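Notes for the structure review
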There are 2 protein chains.
Amino acid sequence: MPQSVAGPEIERLIQLLARMPGLGPRSARRAALQLIKKRDTLLGPLAEAMRIAAERIVVCSSCGNVDTSEPCTICRDGSRDASMLVVVEDVSDLWALERSGAVSARYHVLGGVLSALDGVRPEHLNIERLVERASDPAVKEIILALNATVDGQTTAHYVTDALRHLGLTITRLAHGVPVGGELDYLDEGTLSAAIRSRSAF
Amino acid sequence: MPQSVAGPEIERLIQLLARMPGLGPRSARRAALQLIKKRDTLLGPLAEAMRIAAERIVVCSSCGNVDTSEPCTICRDGSRDASMLVVVEDVSDLWALERSGAVSARYHVLGGVLSALDGVRPEHLNIERLVERASDPAVKEIILALNATVDGQTTAHYVTDALRHLGLTITRLAHGVPVGGELDYLDEGTLSAAIRSRSAF
Ligand SMILES: [Zn+2]
Ligand SMILES: [Zn+2]
(Lines give C-alpha, C1' and ligand atoms only; values in the text may rest on other atoms or scores of the structure.)
(Ligands and ions follow the chains in the order given, each with its own letter.)
Protein backbone atom coordinates (compact mmCIF):
# COMPACT_ATOMS: atom_id res chain seq x y z
CA MET A 1 0.00 0.00 0.00
CA PRO A 2 1.53 3.35 -1.00
CA GLN A 3 2.03 5.68 1.98
CA SER A 4 -0.18 8.30 0.39
CA VAL A 5 -3.31 6.14 0.65
CA ALA A 6 -3.81 5.66 4.36
CA GLY A 7 -1.23 7.74 6.18
CA PRO A 8 2.07 6.82 7.81
CA GLU A 9 0.46 5.68 11.09
CA ILE A 10 -1.46 2.82 9.43
CA GLU A 11 1.52 2.01 7.22
CA ARG A 12 3.75 1.66 10.30
CA LEU A 13 1.17 -0.52 12.05
CA ILE A 14 1.04 -2.83 9.00
CA GLN A 15 4.84 -3.02 8.78
CA LEU A 16 5.17 -4.02 12.44
CA LEU A 17 2.29 -6.52 12.24
CA ALA A 18 3.99 -8.13 9.24
CA ARG A 19 6.95 -8.97 11.49
CA MET A 20 4.76 -10.99 13.86
CA PRO A 21 5.13 -14.76 13.54
CA GLY A 22 2.40 -16.25 11.38
CA LEU A 23 1.55 -12.97 9.64
CA GLY A 24 2.93 -11.99 6.23
CA PRO A 25 2.50 -8.63 4.47
CA ARG A 26 -0.90 -9.66 3.11
CA SER A 27 -2.36 -10.94 6.38
CA ALA A 28 -0.79 -7.99 8.23
CA ARG A 29 -2.95 -5.63 6.14
CA ARG A 30 -6.01 -7.73 6.87
CA ALA A 31 -5.14 -7.84 10.59
CA ALA A 32 -4.62 -4.06 10.67
CA LEU A 33 -8.06 -3.48 9.17
CA GLN A 34 -9.71 -5.89 11.60
CA LEU A 35 -7.95 -4.18 14.50
CA ILE A 36 -9.04 -0.75 13.28
CA LYS A 37 -12.63 -1.97 12.99
CA LYS A 38 -12.45 -3.24 16.57
CA ARG A 39 -10.68 -0.15 17.80
CA ASP A 40 -12.24 0.04 21.26
CA THR A 41 -12.67 -3.67 21.95
CA LEU A 42 -9.38 -5.01 20.56
CA LEU A 43 -6.88 -2.47 19.18
CA GLY A 44 -6.84 -0.25 22.27
CA PRO A 45 -6.76 -3.09 24.83
CA LEU A 46 -4.08 -4.97 22.85
CA ALA A 47 -1.90 -1.86 22.69
CA GLU A 48 -2.20 -1.53 26.46
CA ALA A 49 -1.54 -5.25 27.14
CA MET A 50 1.57 -5.08 24.94
CA ARG A 51 2.83 -1.95 26.67
CA ILE A 52 2.42 -3.60 30.08
CA ALA A 53 4.09 -6.81 28.89
CA ALA A 54 7.00 -4.86 27.38
CA GLU A 55 7.47 -3.00 30.65
CA ARG A 56 7.08 -5.81 33.17
CA ILE A 57 8.17 -9.11 31.67
CA VAL A 58 11.53 -10.45 32.78
CA VAL A 59 13.46 -13.62 31.97
CA CYS A 60 13.93 -15.73 35.10
CA SER A 61 17.66 -15.77 35.95
CA SER A 62 17.29 -19.23 37.40
CA CYS A 63 15.34 -21.22 34.79
CA GLY A 64 14.97 -18.96 31.73
CA ASN A 65 11.16 -18.83 31.90
CA VAL A 66 9.43 -15.50 31.17
CA ASP A 67 7.27 -13.97 33.87
CA THR A 68 6.51 -10.68 35.56
CA SER A 69 8.32 -11.76 38.72
CA GLU A 70 11.95 -12.75 39.31
CA PRO A 71 12.52 -15.56 40.13
CA CYS A 72 9.52 -16.77 38.17
CA THR A 73 6.29 -18.16 39.64
CA ILE A 74 7.39 -21.76 38.97
CA CYS A 75 10.80 -21.34 40.60
CA ARG A 76 9.12 -19.78 43.67
CA ASP A 77 6.49 -22.54 43.91
CA GLY A 78 7.55 -24.57 46.96
CA SER A 79 4.99 -27.29 46.29
CA ARG A 80 6.86 -28.59 43.25
CA ASP A 81 9.05 -31.67 43.33
CA ALA A 82 12.57 -30.31 43.85
CA SER A 83 14.24 -33.62 42.99
CA MET A 84 13.62 -33.21 39.23
CA LEU A 85 14.64 -30.65 36.62
CA VAL A 86 12.87 -30.75 33.26
CA VAL A 87 15.17 -29.48 30.49
CA VAL A 88 13.34 -27.85 27.55
CA GLU A 89 14.43 -26.07 24.41
CA ASP A 90 12.09 -23.10 24.65
CA VAL A 91 9.54 -21.42 26.94
CA SER A 92 6.79 -22.67 24.59
CA ASP A 93 7.76 -26.26 25.51
CA LEU A 94 7.59 -25.34 29.21
CA TRP A 95 4.08 -23.95 28.66
CA ALA A 96 3.04 -27.07 26.73
CA LEU A 97 4.22 -29.35 29.56
CA GLU A 98 2.47 -27.17 32.16
CA ARG A 99 -0.75 -27.35 30.17
CA SER A 100 -0.48 -31.14 30.06
CA GLY A 101 -0.12 -31.26 33.85
CA ALA A 102 2.21 -34.24 33.27
CA VAL A 103 4.82 -33.15 35.78
CA SER A 104 5.03 -30.81 38.75
CA ALA A 105 8.71 -29.96 38.90
CA ARG A 106 10.95 -27.06 37.93
CA TYR A 107 12.24 -26.43 34.43
CA HIS A 108 15.39 -25.32 32.73
CA VAL A 109 15.03 -23.48 29.43
CA LEU A 110 18.09 -23.93 27.20
CA GLY A 111 16.99 -21.19 24.80
CA GLY A 112 17.53 -23.30 21.67
CA VAL A 113 19.32 -26.42 20.48
CA LEU A 114 22.81 -26.99 19.16
CA SER A 115 22.90 -26.56 15.41
CA ALA A 116 25.93 -26.64 13.16
CA LEU A 117 23.78 -25.25 10.34
CA ASP A 118 22.55 -22.25 12.33
CA GLY A 119 25.87 -21.80 14.15
CA VAL A 120 24.38 -22.49 17.58
CA ARG A 121 27.21 -23.66 19.85
CA PRO A 122 27.09 -24.79 23.52
CA GLU A 123 28.09 -21.33 24.80
CA HIS A 124 24.96 -19.89 23.15
CA LEU A 125 22.72 -22.10 25.29
CA ASN A 126 21.89 -21.83 28.98
CA ILE A 127 23.93 -24.96 29.84
CA GLU A 128 26.40 -23.57 32.40
CA ARG A 129 23.54 -22.50 34.67
CA LEU A 130 21.94 -25.94 34.21
CA VAL A 131 25.09 -27.68 35.51
CA GLU A 132 25.07 -25.25 38.44
CA ARG A 133 21.42 -25.97 39.28
CA ALA A 134 21.86 -29.72 38.78
CA SER A 135 24.67 -29.63 41.35
CA ASP A 136 22.13 -28.85 44.08
CA PRO A 137 22.06 -32.01 46.27
CA ALA A 138 18.23 -31.95 46.24
CA VAL A 139 18.23 -32.68 42.49
CA LYS A 140 18.19 -36.41 41.68
CA GLU A 141 16.83 -36.62 38.12
CA ILE A 142 17.18 -34.59 34.93
CA ILE A 143 14.35 -35.13 32.41
CA LEU A 144 15.44 -34.18 28.90
CA ALA A 145 12.22 -32.98 27.26
CA LEU A 146 13.86 -31.97 23.99
CA ASN A 147 12.35 -32.20 20.55
CA ALA A 148 12.81 -35.54 18.79
CA THR A 149 14.78 -33.86 16.00
CA VAL A 150 18.41 -34.42 15.00
CA ASP A 151 19.45 -31.14 16.66
CA GLY A 152 17.34 -31.91 19.72
CA GLN A 153 18.99 -35.29 20.15
CA THR A 154 22.49 -33.87 19.55
CA THR A 155 21.75 -31.39 22.31
CA ALA A 156 20.47 -34.17 24.58
CA HIS A 157 23.78 -36.02 24.17
CA TYR A 158 25.81 -32.86 24.82
CA VAL A 159 23.82 -32.02 27.98
CA THR A 160 24.14 -35.61 29.21
CA ASP A 161 27.94 -35.40 28.83
CA ALA A 162 28.03 -32.06 30.65
CA LEU A 163 26.08 -33.51 33.59
CA ARG A 164 27.69 -36.98 33.70
CA HIS A 165 30.14 -36.14 36.54
CA LEU A 166 27.19 -35.37 38.86
CA GLY A 167 26.00 -39.00 38.84
CA LEU A 168 22.32 -38.06 38.38
CA THR A 169 19.59 -40.10 36.74
CA ILE A 170 19.09 -38.65 33.25
CA THR A 171 15.90 -39.60 31.41
CA ARG A 172 14.21 -38.60 28.17
CA LEU A 173 10.62 -38.61 26.93
CA ALA A 174 9.22 -41.87 25.52
CA HIS A 175 8.76 -42.26 21.77
CA GLY A 176 5.46 -43.67 20.53
CA VAL A 177 2.18 -43.15 18.74
CA PRO A 178 0.60 -39.78 19.65
CA VAL A 179 -2.78 -40.15 21.38
CA GLY A 180 -5.37 -40.01 18.60
CA GLY A 181 -2.62 -40.46 16.01
CA GLU A 182 -3.15 -42.58 12.92
CA LEU A 183 -0.50 -45.17 12.23
CA ASP A 184 -0.24 -44.63 8.50
CA TYR A 185 0.72 -40.98 9.02
CA LEU A 186 3.65 -41.88 11.28
CA ASP A 187 7.23 -42.38 10.15
CA GLU A 188 9.00 -45.72 10.48
CA GLY A 189 11.20 -44.55 13.36
CA THR A 190 8.20 -43.71 15.51
CA LEU A 191 6.47 -46.96 14.64
CA SER A 192 9.58 -49.01 15.45
CA ALA A 193 9.94 -47.20 18.77
CA ALA A 194 6.26 -47.78 19.56
CA ILE A 195 6.65 -51.51 18.86
CA ARG A 196 9.84 -51.79 20.95
CA SER A 197 8.21 -49.99 23.90
CA ARG A 198 4.89 -51.84 23.61
CA SER A 199 3.02 -52.58 26.83
CA ALA A 200 0.48 -55.18 28.00
CA PHE A 201 -3.13 -54.40 27.06
CA MET B 1 -1.88 -22.11 30.04
CA PRO B 2 -3.00 -21.87 33.66
CA GLN B 3 -2.79 -18.34 35.06
CA SER B 4 -0.37 -19.45 37.74
CA VAL B 5 2.40 -20.25 35.28
CA ALA B 6 3.25 -16.94 33.69
CA GLY B 7 1.24 -14.26 35.42
CA PRO B 8 -1.98 -12.47 34.46
CA GLU B 9 -0.19 -9.92 32.23
CA ILE B 10 1.06 -12.57 29.80
CA GLU B 11 -2.23 -14.44 30.01
CA ARG B 12 -4.12 -11.28 29.03
CA LEU B 13 -1.73 -10.62 26.14
CA ILE B 14 -2.29 -14.16 24.83
CA GLN B 15 -6.08 -13.85 25.16
CA LEU B 16 -6.14 -10.61 23.16
CA LEU B 17 -3.72 -11.93 20.53
CA ALA B 18 -5.97 -14.98 20.08
CA ARG B 19 -8.75 -12.62 18.95
CA MET B 20 -6.65 -11.28 16.08
CA PRO B 21 -7.63 -12.58 12.64
CA GLY B 22 -5.43 -15.46 11.57
CA LEU B 23 -4.28 -16.33 15.09
CA GLY B 24 -5.86 -19.08 17.20
CA PRO B 25 -5.11 -19.87 20.86
CA ARG B 26 -2.08 -21.95 19.91
CA SER B 27 -0.47 -19.46 17.55
CA ALA B 28 -1.36 -16.64 19.97
CA ARG B 29 0.89 -18.26 22.58
CA ARG B 30 3.65 -18.63 20.02
CA ALA B 31 3.19 -15.02 18.92
CA ALA B 32 3.26 -13.79 22.53
CA LEU B 33 6.57 -15.55 23.14
CA GLN B 34 8.10 -14.19 19.95
CA LEU B 35 6.95 -10.69 20.89
CA ILE B 36 8.41 -11.06 24.39
CA LYS B 37 11.72 -12.20 22.92
CA LYS B 38 11.75 -9.14 20.68
CA ARG B 39 10.61 -6.84 23.44
CA ASP B 40 12.57 -3.75 22.42
CA THR B 41 12.51 -4.19 18.65
CA LEU B 42 8.92 -5.40 18.16
CA LEU B 43 6.69 -5.62 21.25
CA GLY B 44 7.33 -2.07 22.47
CA PRO B 45 7.11 -0.41 19.01
CA LEU B 46 3.98 -2.41 18.11
CA ALA B 47 2.29 -1.37 21.37
CA GLU B 48 3.05 2.26 20.52
CA ALA B 49 1.91 1.96 16.87
CA MET B 50 -1.36 0.38 18.03
CA ARG B 51 -1.93 3.10 20.62
CA ILE B 52 -1.38 5.82 18.01
CA ALA B 53 -3.64 4.05 15.50
CA ALA B 54 -6.38 3.60 18.13
CA GLU B 55 -6.19 7.30 18.96
CA ARG B 56 -5.95 8.85 15.52
CA ILE B 57 -7.69 6.70 12.94
CA VAL B 58 -11.06 7.88 11.68
CA VAL B 59 -13.54 6.54 9.14
CA CYS B 60 -13.96 8.99 6.23
CA SER B 61 -17.52 10.35 6.38
CA SER B 62 -17.52 10.71 2.60
CA CYS B 63 -16.21 7.39 1.27
CA GLY B 64 -15.87 5.05 4.29
CA ASN B 65 -12.08 4.65 3.94
CA VAL B 66 -9.97 4.62 7.12
CA ASP B 67 -7.29 7.28 7.55
CA THR B 68 -5.86 9.67 10.08
CA SER B 69 -7.42 12.65 8.32
CA GLU B 70 -11.05 13.50 7.58
CA PRO B 71 -11.96 13.56 4.75
CA CYS B 72 -9.42 10.90 3.85
CA THR B 73 -6.29 11.40 1.73
CA ILE B 74 -7.99 9.93 -1.35
CA CYS B 75 -11.08 12.13 -1.08
CA ARG B 76 -8.86 15.22 -0.70
CA ASP B 77 -6.66 14.25 -3.68
CA GLY B 78 -7.64 16.74 -6.41
CA SER B 79 -5.62 14.94 -9.08
CA ARG B 80 -8.00 11.97 -9.18
CA ASP B 81 -10.61 11.52 -11.88
CA ALA B 82 -13.80 12.97 -10.37
CA SER B 83 -16.03 11.46 -13.07
CA MET B 84 -15.82 7.93 -11.61
CA LEU B 85 -16.74 6.35 -8.30
CA VAL B 86 -15.42 2.85 -7.58
CA VAL B 87 -17.81 0.96 -5.28
CA VAL B 88 -16.10 -1.64 -3.05
CA GLU B 89 -17.29 -3.94 -0.31
CA ASP B 90 -14.49 -3.27 2.16
CA VAL B 91 -11.47 -1.03 2.80
CA SER B 92 -9.24 -4.03 2.03
CA ASP B 93 -10.61 -4.03 -1.54
CA LEU B 94 -9.89 -0.30 -1.80
CA TRP B 95 -6.29 -0.96 -0.71
CA ALA B 96 -5.98 -3.84 -3.20
CA LEU B 97 -7.16 -1.62 -6.07
CA GLU B 98 -4.81 1.18 -5.00
CA ARG B 99 -1.89 -1.26 -4.94
CA SER B 100 -2.78 -2.39 -8.46
CA GLY B 101 -2.68 1.21 -9.68
CA ALA B 102 -5.47 0.21 -12.07
CA VAL B 103 -7.58 3.29 -11.52
CA SER B 104 -7.08 6.81 -10.15
CA ALA B 105 -10.54 7.76 -8.97
CA ARG B 106 -12.40 8.02 -5.69
CA TYR B 107 -14.00 5.08 -3.90
CA HIS B 108 -17.13 4.29 -2.01
CA VAL B 109 -16.89 1.63 0.70
CA LEU B 110 -20.22 -0.12 1.28
CA GLY B 111 -19.02 -1.80 4.47
CA GLY B 112 -20.23 -5.26 3.46
CA VAL B 113 -22.61 -6.97 1.06
CA LEU B 114 -26.28 -7.82 1.30
CA SER B 115 -26.73 -11.23 2.86
CA ALA B 116 -29.99 -12.92 3.80
CA LEU B 117 -27.99 -15.52 5.72
CA ASP B 118 -26.09 -12.98 7.83
CA GLY B 119 -29.09 -10.63 8.09
CA VAL B 120 -27.30 -7.80 6.23
CA ARG B 121 -30.00 -5.53 4.75
CA PRO B 122 -29.62 -2.41 2.57
CA GLU B 123 -29.92 -0.06 5.56
CA HIS B 124 -26.81 -1.71 7.08
CA LEU B 125 -24.71 -0.68 4.11
CA ASN B 126 -23.41 2.76 3.15
CA ILE B 127 -25.78 3.00 0.14
CA GLU B 128 -27.71 6.20 0.94
CA ARG B 129 -24.47 8.20 0.98
CA LEU B 130 -23.46 6.55 -2.32
CA VAL B 131 -26.66 7.79 -4.01
CA GLU B 132 -25.93 11.23 -2.59
CA ARG B 133 -22.36 11.25 -3.91
CA ALA B 134 -23.42 9.80 -7.27
CA SER B 135 -25.87 12.70 -7.66
CA ASP B 136 -22.93 15.09 -8.01
CA PRO B 137 -23.08 16.28 -11.67
CA ALA B 138 -19.31 15.64 -12.01
CA VAL B 139 -19.86 11.88 -11.60
CA LYS B 140 -20.49 10.06 -14.89
CA GLU B 141 -19.61 6.43 -14.16
CA ILE B 142 -20.02 4.04 -11.25
CA ILE B 143 -17.62 1.06 -11.31
CA LEU B 144 -18.97 -1.82 -9.24
CA ALA B 145 -15.81 -3.54 -7.94
CA LEU B 146 -17.65 -6.08 -5.83
CA ASN B 147 -16.62 -9.66 -5.18
CA ALA B 148 -17.78 -12.19 -7.76
CA THR B 149 -19.81 -14.04 -5.12
CA VAL B 150 -23.56 -14.55 -4.96
CA ASP B 151 -23.89 -11.91 -2.23
CA GLY B 152 -21.57 -9.55 -4.11
CA GLN B 153 -23.66 -9.84 -7.26
CA THR B 154 -26.95 -9.47 -5.37
CA THR B 155 -25.53 -6.26 -3.92
CA ALA B 156 -24.42 -5.10 -7.37
CA HIS B 157 -27.99 -5.49 -8.63
CA TYR B 158 -29.42 -3.66 -5.62
CA VAL B 159 -26.97 -0.76 -6.00
CA THR B 160 -27.69 -0.56 -9.74
CA ASP B 161 -31.43 -0.25 -9.01
CA ALA B 162 -30.79 2.43 -6.38
CA LEU B 163 -28.76 4.48 -8.86
CA ARG B 164 -30.86 3.88 -11.98
CA HIS B 165 -32.79 7.18 -11.78
CA LEU B 166 -29.51 9.14 -12.08
CA GLY B 167 -28.89 7.87 -15.63
CA LEU B 168 -25.18 7.16 -15.03
CA THR B 169 -23.00 4.57 -16.74
CA ILE B 170 -22.72 1.61 -14.38
CA THR B 171 -19.94 -0.91 -15.06
CA ARG B 172 -18.50 -3.96 -13.33
CA LEU B 173 -15.14 -5.72 -13.36
CA ALA B 174 -14.42 -8.20 -16.14
CA HIS B 175 -14.47 -11.93 -15.42
CA GLY B 176 -11.60 -14.05 -16.72
CA VAL B 177 -8.50 -16.08 -16.05
CA PRO B 178 -6.34 -14.50 -13.31
CA VAL B 179 -2.88 -13.50 -14.55
CA GLY B 180 -0.62 -16.49 -13.86
CA GLY B 181 -3.68 -18.65 -13.18
CA GLU B 182 -3.84 -22.24 -14.34
CA LEU B 183 -6.93 -23.23 -16.30
CA ASP B 184 -7.52 -26.58 -14.61
CA TYR B 185 -7.84 -24.88 -11.21
CA LEU B 186 -10.60 -22.56 -12.42
CA ASP B 187 -14.32 -23.19 -12.13
CA GLU B 188 -16.52 -23.58 -15.19
CA GLY B 189 -18.17 -20.17 -14.71
CA THR B 190 -14.85 -18.36 -14.91
CA LEU B 191 -13.76 -20.38 -17.92
CA SER B 192 -17.04 -19.74 -19.74
CA ALA B 193 -16.71 -16.01 -19.01
CA ALA B 194 -13.11 -16.01 -20.23
CA ILE B 195 -14.17 -17.67 -23.49
CA ARG B 196 -17.09 -15.30 -24.02
CA SER B 197 -14.88 -12.24 -23.43
CA ARG B 198 -11.95 -13.55 -25.48
CA SER B 199 -9.86 -11.01 -27.37
CA ALA B 200 -7.64 -11.03 -30.47
CA PHE B 201 -4.09 -12.28 -29.86
ZN1 LIG C 1 12.24 -19.61 36.97
ZN1 LIG D 1 -12.67 9.38 1.82
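Position labels on residues start from 1 in each chain and follow its written sequence. Key to labels: chains lettered from A, ligands numbered from 1, both in the order written. Only residues with pLDDT of at least 70 are given local features in this predicted model, and only at 80 or more are side-chain atom pairs given and counted; all residues enter the totals for whole chains, interfaces and linings. Hydrogens are left out, water is left out, and the side-chain values use all remaining heavy atoms of the structure.

**Concerning the environment of serine 197 of chain B**
- On the secondary structure map, serine 197 of chain B appears in the segment after α8 (188-196).
- Separated by 22 residues in the primary sequence, serine 197 of chain B and histidine 175 of chain B place their C-alpha atoms 8.0 Å from one another. The helix and strand labels rest on DSSP assignments: H or I over at least four residues marks a helix, E over at least two residues marks a strand, and numbering proceeds from the N terminus.

**With respect to the sheet that holds strand β6 (residues 169-172) of chain A**
Residue and element names in this part refer to chain A.
- Strands sit in the order β4-β3-β5-β6 across an open sheet of four strands; the sheet is parallel. At either end of the open sheet lies a strand with only one pairing partner, and these are β4 (105-109) and β6. Sheet twist, expressed as the average angle between the axes of neighbouring strands with direction ignored, equals 25°.
- Two strands qualify as a pair provided that DSSP identifies no fewer than 2 bridges between them. The pairing of strand β3 (residues 81-88) with strand β5 (residues 141-144) spans four bridges and is parallel. Paired with valine 86 across the two strands is isoleucine 143, which belongs to β5.
- With respect to the sheet, helix α5 (residues 91-100) is in contact with β3 and β4, its orientation differing from that of β4 by roughly 160°.
- We call two residues contacting when some pair of their heavy atoms lies within 4.5 Å. Fitting a line to C-alpha atoms yields each axis, with helices limited to the stretch in contact; the angle taken between N-to-C directions then spans 0 to 180 degrees. Sitting on the sheet, helix α7 (residues 150-163) is in contact with β5 and β6, with an inclination near 165° to β5.

**A closer look at the pairing of β6 of chain A**
Residues and elements named next belong to chain A.
- In this structure, β5 lies alongside β6, joined through four bridges in parallel fashion. Paired with isoleucine 142 across the two strands is isoleucine 170, which belongs to β6.
- Here, the term right-handed applies to a crossover whose path from the first strand over the helix to the second runs clockwise when the strands point away from the viewer. Remark: the β5/α7/β6 crossover connection has right-handed handedness.

**Quick look at the environment of leucine 46 of chain B**
- Among the secondary structure elements, leucine 46 of chain B is positioned in helix α3 (residues 39-56).
- Exposure remark for leucine 46 of chain B: the relative accessible area of 0% places this residue in the buried category.
- Linking leucine 46 of chain B and leucine 35 of chain B, residues 11 residues apart in sequence, is a C-alpha distance of 9.2 Å.
- Those residues in contact with leucine 46 of chain B that lie beyond four places of it in its chain are Leu13, Leu16, Leu17, Met20 and Met50 of chain A together with Leu35 of chain B. Relative accessibility under 20% of the residue-type maximum defines a buried residue, over 50% an exposed one, and the middle range a partly exposed one, all with a 1.4 Å probe and only protein chains included.

**Re the sheet that holds strand β5 (residues 141-144) of chain B**
Residue and element names in this part refer to chain B.
- Reading across the sheet, the four strands line up as β4-β3-β5-β6 and stay open at both edges, with parallel pairing between neighbours. The open sheet is flanked by β4 (105-109) and β6 (169-172), the only strands paired with a single partner. Here the strands of the sheet are splayed against their neighbours by 25° on average, with no regard to which way each runs.
- Across the face of the sheet, helix α5 (residues 91-100) comes into contact with β3 (81-88) and β4 while running at roughly 160° to β4.

**Some details on the coordination of the zinc ion (ligand 2)**
All names here are of chain B.
- Only Cys60 (SG), Cys63 (SG), Cys72 (SG) and Cys75 (SG) from the protein reach the zinc ion (ligand 2) as donors, at distances of 2.3 Å.
- Water is not among the atoms examined, so metal sites may look incomplete; donors are the N, O and S atoms within 2.8 Å of the metal, or within 3.2 Å for Na, K and Ca. Note on geometry labels: four donors, all angles 85 to 135 degrees, give tetrahedral; four donors become square planar and six octahedral when opposite donors are over 155 degrees apart and every other angle is between 65 and 115; remaining cases are irregular. Between the four donor atoms coordinating the zinc ion (ligand 2), the angles at the centre fall across 103 to 117°, so the site counts as tetrahedral.
- Mapped onto the polypeptide sequence, the residues donating to the zinc ion (ligand 2) form the spacing pattern C-x2-C-x8-C-x2-C. Of the two residues, cysteine 63 is situated in the loop between β1 (58-59) and β2 (66-67) and cysteine 75 in helix α4 (residues 73-76); the sequence distance between them amounts to 12 residues. Accessibility classification places cysteine 63 together with cysteine 75 in one group, the buried group.

**Topic: the interface of chain A and chain B**
- At the junction of the two partners, chain A supplies 56 residues and chain B supplies 56 residues.
- Throughout, buried area stands for the accessible area (probe radius 1.4 Å) lost by two parts on being put together, summed over both. Buried surface at the junction of chain A and chain B, summed over both partners, amounts to about 5000 Å²; 72% is from carbon and sulfur atoms.
- Here, a salt bridge means any Lys or Arg side-chain nitrogen found within 4 Å of an Asp or Glu carboxyl oxygen. For the pair chain A and chain B, the interface holds four salt bridges.
- The residue lysine 37 of chain A makes a salt bridge to aspartate 90 of chain B at a minimum N-O spacing of 2.6 Å.
- Mapped onto the side of chain A that touches chain B, the elements with two or more residues apiece are α1 (3-17), α2 (25-37), α3 (39-56), β2 (66-67), α4 (73-76) and α5 of chain A.
- For the side of chain A that touches chain B, the leading source of residues is α3 of chain A, giving 16 residues.
- Here the nonpolar group is Ala, Val, Leu, Ile, Met, Phe, Trp, Tyr, Cys and Pro; Asp, Glu, Lys and Arg are the charged ones; every other residue, Gly included, is treated as polar. Among the residues making up the side of chain A that touches chain B, the classes are represented as 32 nonpolar, nine polar and 15 charged.

**Re the UniProt feature "zinc finger region: C4-type" (unreviewed entry) in chain A**
- Mapped onto the present numbering, the UniProt feature "zinc finger region: C4-type" (unreviewed entry) falls at residues 60-75 of chain A.
- Within residues 60-75 of chain A, the helical portion is 19% and the strand portion 12%, while the C-alpha atoms at the span's ends are 8 Å from each other. UniProt positions are given in the numbering used here, feature names are shortened, and annotations may be inferred rather than shown by experiment.

**Some details on the relation of the copies chain A and chain B**
- The superposition of copies rests on a least-squares fit of C-alpha positions from residues with pLDDT of 70 or more in both. The two copies are related by a screw motion: chain A maps onto chain B through a turn of 180° and a shift of 0.0 Å along the axis, at an RMSD of 0.1 Å. The operation mapping one copy onto its partner corresponds to a two-fold rotation axis. In terms of C-alpha distance to the rotation axis, chain A has alanine 47 of chain A as its closest residue, with the C-alpha 2.2 Å off the axis.
- The overlap is high: 100% of the interface residues of chain A also sit at the interface in chain B, so the same surface is used on both sides.

**Here's the deal with unusual backbone geometry**
- Residue proline 71 of chain A is reached from glutamate 70 of chain A by a cis peptide bond, and omega for that bond is -5°.
- Within the secondary structure layout, proline 71 of chain A lies in the loop between β2 and α4.

**Focus: the coordination of the zinc ion (ligand 1)**
Residue and element names in this part refer to chain A.
- At the metal site, the zinc ion (ligand 1) is ligated by Cys60 (SG), Cys63 (SG), Cys72 (SG) and Cys75 (SG), and these contacts range over 2.3 Å.
- Ordering the donors of the zinc ion (ligand 1) by residue number gives the pattern C-x2-C-x8-C-x2-C. Taken as a pair, cysteine 60 in the loop between β1 (58-59) and β2 and cysteine 72 in the loop between β2 and α4 lie far apart in primary sequence, 12 residues in all.
- Among the residues examined, cysteine 60 registers a relative accessible area of 3% and is labelled buried.

**Thoughts on the domain arrangement of chain A**
- Domain segmentation is taken from an automatic or database assignment of domains. We note that the domain assignment places domain 1 (10-56) and domain 2 (80-172) within chain A.
- Centre-to-centre separation of domain 1 of chain A and domain 2 of chain A, based on C-alpha positions: 34 Å.

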